[in-house]
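So you can see what is in the structure, the chains are spelled out below.
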There are 6 protein chains.
Amino acid sequence: MTTLTNERVCYFNGRIVPESQAQISFRDRGFIAGDGCFDTARTFGHKIFRLKDHIDRWYASQRYLGIDCGLPAERVMAITEDVVRRNLHLIDSDDDYWVSQRVSRGVNPDDPVAPSGLKPTVIVECQPLPLKARAPLYRDGMDIVVPAVRRIGPDMLSPRAKTHNYLNLVMGDLQAKAADPGAWAILLDVNGNLAEGTGSNIFVVRDGRVRTPEARYVLPGVSRAIVIELAARCGIPVEETSIDLYDAYTADECFITSTSLCICPARGINGRVFGDGRVPGPITKRLTAAYVELAGFDFVGQYLRRLAA
Amino acid sequence: MTTLTNERVCYFNGRIVPESQAQISFRDRGFIAGDGCFDTARTFGHKIFRLKDHIDRWYASQRYLGIDCGLPAERVMAITEDVVRRNLHLIDSDDDYWVSQRVSRGVNPDDPVAPSGLKPTVIVECQPLPLKARAPLYRDGMDIVVPAVRRIGPDMLSPRAKTHNYLNLVMGDLQAKAADPGAWAILLDVNGNLAEGTGSNIFVVRDGRVRTPEARYVLPGVSRAIVIELAARCGIPVEETSIDLYDAYTADECFITSTSLCICPARGINGRVFGDGRVPGPITKRLTAAYVELAGFDFVGQYLRRLAA
Amino acid sequence: MTTLTNERVCYFNGRIVPESQAQISFRDRGFIAGDGCFDTARTFGHKIFRLKDHIDRWYASQRYLGIDCGLPAERVMAITEDVVRRNLHLIDSDDDYWVSQRVSRGVNPDDPVAPSGLKPTVIVECQPLPLKARAPLYRDGMDIVVPAVRRIGPDMLSPRAKTHNYLNLVMGDLQAKAADPGAWAILLDVNGNLAEGTGSNIFVVRDGRVRTPEARYVLPGVSRAIVIELAARCGIPVEETSIDLYDAYTADECFITSTSLCICPARGINGRVFGDGRVPGPITKRLTAAYVELAGFDFVGQYLRRLAA
Amino acid sequence: MTTLTNERVCYFNGRIVPESQAQISFRDRGFIAGDGCFDTARTFGHKIFRLKDHIDRWYASQRYLGIDCGLPAERVMAITEDVVRRNLHLIDSDDDYWVSQRVSRGVNPDDPVAPSGLKPTVIVECQPLPLKARAPLYRDGMDIVVPAVRRIGPDMLSPRAKTHNYLNLVMGDLQAKAADPGAWAILLDVNGNLAEGTGSNIFVVRDGRVRTPEARYVLPGVSRAIVIELAARCGIPVEETSIDLYDAYTADECFITSTSLCICPARGINGRVFGDGRVPGPITKRLTAAYVELAGFDFVGQYLRRLAA
Amino acid sequence: MTTLTNERVCYFNGRIVPESQAQISFRDRGFIAGDGCFDTARTFGHKIFRLKDHIDRWYASQRYLGIDCGLPAERVMAITEDVVRRNLHLIDSDDDYWVSQRVSRGVNPDDPVAPSGLKPTVIVECQPLPLKARAPLYRDGMDIVVPAVRRIGPDMLSPRAKTHNYLNLVMGDLQAKAADPGAWAILLDVNGNLAEGTGSNIFVVRDGRVRTPEARYVLPGVSRAIVIELAARCGIPVEETSIDLYDAYTADECFITSTSLCICPARGINGRVFGDGRVPGPITKRLTAAYVELAGFDFVGQYLRRLAA
Amino acid sequence: MTTLTNERVCYFNGRIVPESQAQISFRDRGFIAGDGCFDTARTFGHKIFRLKDHIDRWYASQRYLGIDCGLPAERVMAITEDVVRRNLHLIDSDDDYWVSQRVSRGVNPDDPVAPSGLKPTVIVECQPLPLKARAPLYRDGMDIVVPAVRRIGPDMLSPRAKTHNYLNLVMGDLQAKAADPGAWAILLDVNGNLAEGTGSNIFVVRDGRVRTPEARYVLPGVSRAIVIELAARCGIPVEETSIDLYDAYTADECFITSTSLCICPARGINGRVFGDGRVPGPITKRLTAAYVELAGFDFVGQYLRRLAA
């Protein structure tokens, strides 16, 4: 039985260890080549939300990459619950965790061009949500910048697999942050349609209709799926379709979904303001309320309380 | 002063340590995102070849990614020489090393979407060349398979930067190895021209003329530059240009260049045999001889001696 | 009235002749330029299946190419039935025929760049199905290889017309057969989505949903339409949409449709195995059963009986 | 020894036969699939011009397609000379021949998707040049129409192989002839650059500089190579490069090269007139004169004499 | 109060003036750069049809371009009604008007690369419909030519904004008119699908199903929306989807929609005739009748009456 | 003979008039459709520089668009000189002019879709250079932002014609100015290579080599040609080639050329600084000095003197 310490613990290749002991060889293909995949859920009031959906997607990412973590899904779910539970004493009652499953193809052998028979590196770990840093986004709305760099095409590396290869998105973030340190990047896809940002999906609203990019060109987020489901339930027309800068510049409202943000209003894009500039817009507000109800947790309040702090 | 052990040592964030102590946090962006870059030289008879060219390219990769290793080039060259020297006692006189410089953007802070002020992770390390495993390539010629997956386009992530994001090439290798476990993958670029494989450049020869893909779509290798220079010196017409499957299927000869292989003949591609199938072809032979002379080292002999072993 | 011989007869420019007398001038544009189109139905128990659908598509191909066979559809249907009937005595009761209508633009005049007023060459002919050669596919599942060559784009030559220009698919087959002599090629389209193989459409199944490429990028097969119709009838969700290698690598099941194969399970693609590797998967099984019922003919049994032979 | 008849003879699978006896099975893959390749030279004053260049290109086309005609190049050259000689008595002294080598993959076996071990069909044949029909082109200049259909991309089927798959070009010709029955089509390539027409290369001249599309996107004609060589010899700057409609609409002159036409002036494109509309322009005139001198034959005179007839 | 004259008046930057007094500075960005947008409705029997839809689209075009005309939509609608009313006395009772709203970004300041704070130029004007010139289209059907030039891609300048930048369409019209002075151009989009012509949308009909290009690649016309709505109401299947030359060449019927033409039959495309060549086809006829009923105005009769004149 | 006033005069359709009298009908296709083209030279010390080059390019733009200004080049040159001369008294001795030739297709007739026989609108006008506004660029270097919008492809509307359709570039400028009001936009072309900004060409310098985008994708500026010529003269390697963001981020120096700026250093791009951030870099300095010498005019001094003012 483990003693409570003020260091987080994680699952690392079969054992629960303090995070500082979960060390990776620099010859691990996860480091050398980003040759791995992951998935990340969050807790609401210390309970993991839709873990099964994230785990399923993680296994799909593994199949795509030809990596096998060697554990059945049920075991990974139990480990995930365990890791969160062991770390709960380290956060306040109004804080919450990201919790991630990660696997790399393992440590490179002598001939790295022809690796086979590697032992995968498996990690399950959690990290407190950056609630305070992101709280202003709910008050002011997110500013989006569309960088020049295009999202990698699905015939090169599918954006639907959540891999450890993030440089394409990093390059986009660097340009967006240079334009505005508080901005988030949303990249265009190979056809010039809006795709996605780092871990985030975009939705635009016009004339009461909600649209989000097709799944082929993005990581189809769990929060994205929830919003689509909620819109349908609320009788708001919703469509997965090609959307581009014309749609963005003429939108009445816009919002972003991600595991940590759930649903978060955007104020503008490339210096243009959505609608009359007030956030959240009415549709975003309804969907946020529906999300809060579905989750049984007021994530907006949780963020906004950090503004006072 | 360090005691000689039978464990390799490496440079790790300012210190020389045994490789087993050069451990990376799983929160390092190199692991989480492949957010780093590297370069790799090799030794010929225990002497590093064209180190300056590799170091220059490493700094260019850093500039592209907006990463700064924090060390001047001269210091990195000295460290590199030192790392090789400290590990020479671990290999035989007829063995040689790869030696690599690596840098990642550092360990992710709380909000991984907006990282700044990170301390980069810097590693200089060496690894014995897989001489025995690759020796048959010089006897039989390499078999190339062109997979269906396309090389990432330069407006997404430039192939000219040698980064830690290798999944695009890994996906190509997986298809090629499924077709033939001994085959090497060479991917097509976004325009359907031959591009490159994992760490390797391709050259085709027809009617005495040598051609290799344009630098924009590939990592322009140091060995590639040497071969271009040697061809010019030998009076063999050589061109950096678009080459495609028509060029490959109608080629008289074909060869691959890479740091470890220097120049290595290819036997066929997608089941087609180059020329009359004998390797190396006459132009490949001349360029190999010129390479050996330039390097002052018979790398072909070094490989072929492993066949007997 | 014709005497029964052991040579097949065919319709050739207005007459029924032994196949050996249906000879084409080498100046026929069908030979010189592949300048023609065709369609192929099959018999089930010696009865032609869905002939009307094939004939309609043949006329659409003619319209697209600006070729006019000069015969009304009803006449071609009658000829087709007649050709089959005249050749039935040449096959066993458990064998069946492919039966094809073919038309070329005719024999080239002096100036082949500006041909007009040509007399089309029209052929209706049948050929025994290669039941024995293909029987193992039903037992083991088909192995698919996705070659590097892309399917011709619809703004160049529409894949929806069934023409005599097959070299694009032949180039794909050659690469696939080089990787594995028993494999079938399925090419990607210009957008990197799965398209089709020689005379074959692909379907993937995941989470109980069936998907097949959009008709714009493929020849929309008659068997493909039947499977879509049967899936709807069986309450299985089915969609014509973009599918790519991510879909293929993460699929639970996969199958191929074609006139001869009707519906045939696939085992794997590019060395990856679908689902747990057992064929046919449950959805494929249901759709196959529904197809057999619709056709009133057990084509799977017909194939599998050849394995014992 | 053969009797002189007024029917042309050709080489057909090993024998010299009257053309009417050179009949192809409708199951020949050349007919079914356009699965073959060819090359065509012409005679000047009854002597074959640059036969070796054409034969070399034919073998390259075979290599690309994976077809082997089974004969050495020297034998094919001798057959070609023989075929022409045997047919010379059938044309006037001021007429000339096209002479072509053709090979198809052979007659399809039972399972056309997996053919192997086929016996290729080989033909060498000649046909009188359509001198009279094309004579007005030299007097008036050719009118070019650029159709909407794009030339097939080199990653689908290389335009550098001279195959029997011409439907892409046929579709272009049909649109051009609909716009103007006397017009010739020149298609754009996948990048929107001028590519080629049926058997013809295009050159534009502006400010004394001659440019023609890059070889990757076209069949690099023997006449095209001659013109490039002649321009260099005459001190006229010449370049193989991307040229597009801007280049065409702003050109001072334009001409077409092909085996039959050698070099032929164009008057306009898409209704625009080149330069002041007089043909041939001065550079075209110089290159034509140089061509006539090189060939030792006044092909322009040969064409123009038909106008009077 | 204005005196009735025989010069039309228009709204020009706040005032109603004779058209000849509505003069633009050559430094207006509308002239210098086409930097403006517009929309155009028509009258039926002197009453403006669906003005609100046009005004909404005009404001969307402004948002896209970042131009603000400075007037509320209600005011622009009132001005538009006023402008028509003031000009009605200038046309016959059986004539009708186009009425347009136009805005440019205003007159360029000293540094045209960095303009800001400009005062927009706003015009509302009307023009008699060219009923006589276009009347034959309803009798004979329109002839369509698809030029080589591609419609500008939506990631360059969205075709959904109705701007003053028409050169791309003008270039298409010039090629079409060169092929046939009476023809209309319909351009292909970046994917080779049919897009649109100058102010016109295309519909094809096959097997009783109506299809029109997706809105992303075209200006989605008000008449187009009406036809889609009417088809649904009439129980005719209708779809916004990719359609290409295969669809066009195999269509049974085809028609064009535009503000002035409402719905107008097409006879052929690129020299091919739709169906049996009789216009209008049965579906076109039904939709035209439905349109006439919806509009409460027989626009076909209005056009056809000019033929007698 | 005209009296000197303090209003500038211009050439307008055959007459010299005060600018305020050079008014355009709002039905002019230049306003309605941006259907026109122009060119702009500048004066150095009140003398027009390289006027002939600009006039030649203007006529090429006209040919491309199928517009004919109706005046011979010599006449336009004389008018241009005249217009400048008549306005010189309005600027200080240290000021200079832009002088432009403009032509539109003319005033739209009744049926704007089928215009022919229009009378072109021709203007020659001058405007003082914005020396003060742009002076800081020479001191600080220009900041470049690469917007998400791509430059229009050459198969849609050639960037080599200097037309009145600028919205594509305007959309890019709007995004760049939103990121940084002082920034200039440089757009990527359809292949993701750096193309151009509004009236400006880009050059990057690395390892002493100067590179600028290929002419096909940009308006090949007169200043660009001068710099290429000067580099060659100075022995600095210079190349027209594909350059992309990798080239930009790893460049040592970068500069912009345009008619007004001649050659102007850039400080950074997308937040990245070129080289060590000091401007101008050494190569830029040499080329600037050579440009000043060629022009016989110190344009840098002229700009920098405004900083003190």
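Being a predicted model, the structure only gives us computed values, none of them experimental.

## A few points about the interface of chain B and chain D
So, point 1. Contacts between chain B and chain D engage 16 residues on the former and 11 residues on the latter.
So, point 2. Counting the surface lost from both chain B and chain D, the interface buries some 1100 Å², and carbon and sulfur atoms represent 41% of this.
So, point 3. The largest contributions to the chain B side of the interface with chain D come from Asp244, Tyr246 and Arg272 of chain B, which together make up 44% of the buried area.
So, point 4. One can count 4 salt bridges joining chain B with chain D.
So, point 5. The partner of arginine 216 of chain D in a salt bridge is aspartate 244 of chain B, and the shortest N-O contact between them spans 3.1 Å.
So, point 6. Taken together, the elements giving at least two residues each to the side of chain B that touches chain D come down to α7 (245–249) and β16 (272–273) of chain B.
So, point 7. Here the side of chain B that touches chain D gets 4 residues from one element, more than from any other, and that element is α7 of chain B.
So, point 8. Classifying every residue of the side of chain B that touches chain D gives 5 nonpolar, 6 polar and 5 charged.

## A closer look at the pairing of strand β1 (residues 9–12) of chain D
On a regular strand, one side chain projects to one face of the sheet and the next to the other, so that they alternate.
Residue and element names in this part refer to chain D.
So, point 1. Of the two faces of β1, the one lined by Val9 and Tyr11 and the one lined by Cys10 and Phe12 are each fully buried.
So, point 2. Taken together, β1 and the strand that follows it, strand β2 (residues 15–18), pair antiparallel across an intervening segment of 2 residues, in which asparagine 13 is found at a positive phi of about 50 degrees.
So, point 3. Looking at chain direction, β1 and strand β7 (residues 121–128) are connected through 2 bridges and run antiparallel. In the strand pairing of β7, phenylalanine 12 is matched with isoleucine 123.

## Let's talk about the sheet that holds strand β4 (residues 36–44) of chain F
Residue and element names in this part refer to chain F.
So, point 1. Overall, antiparallel pairing links the 6 strands, which are arranged β2-β1-β7-β6-β4-β5 in an open sheet. Bordering the open sheet on either side are β2 (15–18) and β5 (47–48), each of which pairs with just one other strand.
So, point 2. With 8 bridges joining them, strand β6 (residues 97–104) and strand β7 (residues 121–128) adopt antiparallel strand pairing. Within the sheet, the bridge partner assigned to serine 100 lies in β7 and is glutamate 125.

## So, the nonpolar core
Inside soluble globular proteins, nonpolar side chains tend to come together where they are buried.
So, point 1. In this structure, Leu194, Leu287, Tyr291 and Phe299 of chain B together with Leu194, Leu287 and Tyr291 of chain E are the most contacted members of the largest nonpolar core, which totals 194 residues.
So, point 2. Top element by residues in this core is helix α2 (residues 51–65) of chain C. It accounts for 7 residues.
So, point 3. When neighbours within four sequence positions are excluded, tyrosine 291 of chain E is seen to be in contact with Phe44, Phe49, Ser223, Ile226, Val227, Leu230, Cys262, Ile263 and Phe299 of chain E.

## Looking at the domain arrangement of chain A
Frequently, the measure chosen for interface size is the accessible area removed from exposure when the parts meet.
All names here are of chain A.
So, point 1. Along its sequence, chain A is carved into domain 1 (9–128) and domain 2 (134–308).
So, point 2. For the domain 1 and domain 2 pair, buried surface summed over both sides reaches about 2200 Å², with 56% attributable to carbon and sulfur atoms.
So, point 3. Among the residues domain 1 hides against domain 2, the three largest losses belong to Arg42, Arg57 and Asp94. Together they make up 26% of the total.
So, point 4. Where domain 1 meets domain 2, there are 4 salt bridges.
So, point 5. At 8 residues, strand β4 (residues 36–44) tops the list of elements feeding residues into the side of domain 1 that touches domain 2.

## Regarding the sheet that holds strand β6 (residues 97–104) of chain C
Residues and elements named next belong to chain C.
So, point 1. Here 6 strands make up an open sheet; going across it, the order is β2-β1-β7-β6-β4-β5 and the pairing antiparallel. Two strands lie at the open edges of the sheet, namely β2 (15–18) and β5 (47–48), each paired on one side alone.
So, point 2. Where strand β1 (residues 9–12) meets β2, 4 bridges bridge the pair, whose relative direction is antiparallel. Each bridged residue has a counterpart across the sheet, and for valine 9 the counterpart in β2 is proline 18.

## Details of the state of the cysteines
So, point 1. Counting across every chain of the model gives 0 disulfides over all chains.
So, point 2. Just so you know, cysteine 126 of chain E is unpaired, no disulfide at all, and the nearest cysteine sulfur is the one on cysteine 10 of chain E, 8.6 Å from it.

## Observations regarding the packing of helix α4 (residues 131–140) of chain E against helix α9 (residues 299–308) of chain E
Residues and elements named next belong to chain E.
So, point 1. Where α4 contacts α9, the two axes come as close as 7 Å, and the packing angle between them is 105 degrees. When the axis of α4 is compared with that of α9, the two are roughly perpendicular. Here Leu131, Lys132, Arg134, Ala135, Pro136, Tyr138 and Arg139 of α4 come into contact with α9, specifically with Phe299, Val300, Gln302, Tyr303, Leu304, Arg306 and Leu307.
So, point 2. Considering only residue class, the contact of α4 with α9 consists of 9 nonpolar, 1 polar and 4 charged.

## Some remarks on the packing of aromatic side chains
So, point 1. Scanning the model with the defined rule gives 66 aromatic pairs over all chains in all.
So, point 2. Ring geometry for phenylalanine 49 of chain E and tyrosine 291 of chain E: centres 6.4 Å apart, planes at 40 degrees, overall tilted. One end of the pair, phenylalanine 49 of chain E, is in the loop between β5 (47–48) and α2 (51–65); the other, tyrosine 291 of chain E, is in helix α8 (residues 282–295), and 242 residues separate them in sequence. In this structure, phenylalanine 49 of chain E and tyrosine 291 of chain E share a single accessibility class: buried.
So, point 3. In textbook terms, an aromatic cluster arises when at least three aromatic residues are bridged by ring pairs, as seen for Phe44, Phe49, Tyr291, Phe297 and Phe299 of chain A.
So, point 4. Seen from the ring of phenylalanine 38 of chain C, arginine 102 of chain C lies directly overhead, with NZ or CZ sitting 4.6 Å from the centre.

## Focus on the interface of chain B and chain A
So, point 1. At the junction of the two partners, chain B supplies 59 residues and chain A supplies 59 residues.
So, point 2. Between chain B and chain A, roughly 4900 Å² of surface is buried when both sides are summed, and carbon and sulfur atoms account for 62% of that area.
So, point 3. Linking chain B with chain A are 4 salt bridges.
So, point 4. Arginine 27 of chain B serves as the salt-bridge partner of glutamate 125 of chain A, at 2.7 Å between the closest nitrogen and oxygen.
So, point 5. Counting every contact that joins chain B to chain A gives 22 residue pairs in polar contact (both at pLDDT 80 or more).
So, point 6. If you list the elements that add at least two residues to the side of chain B that touches chain A, you get β3 (23–25), α1 (29–33), α2 (51–65), β6 (97–104), β7 (121–128), α4 (131–140) and α5 (167–179) of chain B.
So, point 7. The leading source of residues in the side of chain B that touches chain A is α5 of chain B, at 7 residues.
So, point 8. A per-class count over the side of chain B that touches chain A returns 29 nonpolar, 13 polar and 17 charged.

The rules behind these values
- Residues numbered from 1 in each chain as written.
- Chains lettered and ligands numbered in written order.
- Predicted model: local features only at pLDDT ≥ 70, side-chain atom pairs only at ≥ 80, totals over all residues.
- Heavy atoms only, no water.
- Contact = heavy atoms within 4.5 Å.
- Buried area = accessible area lost by both parts, 1.4 Å probe.
- Salt bridge = Lys/Arg side-chain N within 4 Å of Asp/Glu carboxyl O.
- Helix = DSSP H or I, 4+ residues; strand = E, 2+ residues; numbered from the N terminus.
- Nonpolar A, V, L, I, M, F, W, Y, C, P; charged D, E, K, R; others polar.
- Buried < 20%, exposed > 50% of the residue type's maximum accessible area, 1.4 Å probe, protein only.
- Pairing = 2+ DSSP bridges.
- Core = buried A, V, L, I, M, F, W, Y, C linked by side-chain atoms within 4.5 Å.
- Domains from an automatic or database assignment.
- Disulfide = S-S within 2.5 Å.
- Axes fitted to C-alpha atoms, helices over the stretch in contact; angles between N-to-C directions.
- Parallel < 35°, antiparallel > 145°, perpendicular 65-115°, else oblique.
- Phe/Tyr/Trp six-rings, centres within 6.5 Å; stacked < 30°, edge-to-face > 60°.
- Lys NZ or Arg CZ within 6 Å of the ring centre and 35° of its normal.
- Polar contact = N/O pair within 3.5 Å; in protein donor to acceptor, adjacent residues only side chain to side chain.

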